[in-house]
Amino acid sequence: MRSGGVIDRLVQRLNGAWMLIDYKTGTPGGDAADYAIQMTVYCHAAGQFLGSPVTPYLYFVDADRWAEIEVDEERVFAEIGRAVRGIEEENL
């Protein structure tokens, strides 16, 4: 199974901490948790690449609004695993 995505921006702060920023257009709607899977996968990949933890943020451009996203790798990767098993069981 292959999947793709593009990390919009990685920024290293003066204190050495890394921020992952994903830009969103339009007005913020719904819950920032709607982006949990995407941001968890991006943070995992960036953390592996950088060898450091990464804090994820959404930036809603049109509203000039920031949202820090909670990342729960264990939950998200378990959810992805269940989805893959479901697809495999349906022989799709």
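Thresholds, definitions, all that
Residues numbered from 1 in each chain as written. Predicted model: local features only at pLDDT ≥ 70, side-chain atom pairs only at ≥ 80, totals over all residues. Heavy atoms only, no water. Salt bridge = Lys/Arg side-chain N within 4 Å of Asp/Glu carboxyl O. Buried < 20%, exposed > 50% of the residue type's maximum accessible area, 1.4 Å probe, protein only. Helix = DSSP H or I, 4+ residues; strand = E, 2+ residues; numbered from the N terminus.

Participant: Please explain the pattern of salt bridges as it appears in this structure.
Facilitator: In a structure, side chains of opposite charge can pair up when their charged atoms sit close to one another. One pass over the full model with this rule turns up two salt bridges. The partner of Lys24 in a salt bridge is Asp22, and the shortest N-O contact between them spans 2.7 Å. Owing to a relative accessible area of 15%, Lys24 belongs among the buried residues under this scheme. Of the residues examined, Asp22 reaches a relative accessible area of 3% and is grouped as buried. With a shortest N-O distance of 2.9 Å, Glu79 and Arg75 are connected by a salt bridge. Placement of the pair is Glu79 and Arg75 together in helix H2 (residues 73-89), with a separation of four residues, close to one helical turn.

Keep in mind these numbers describe shape, not what the thing actually does.
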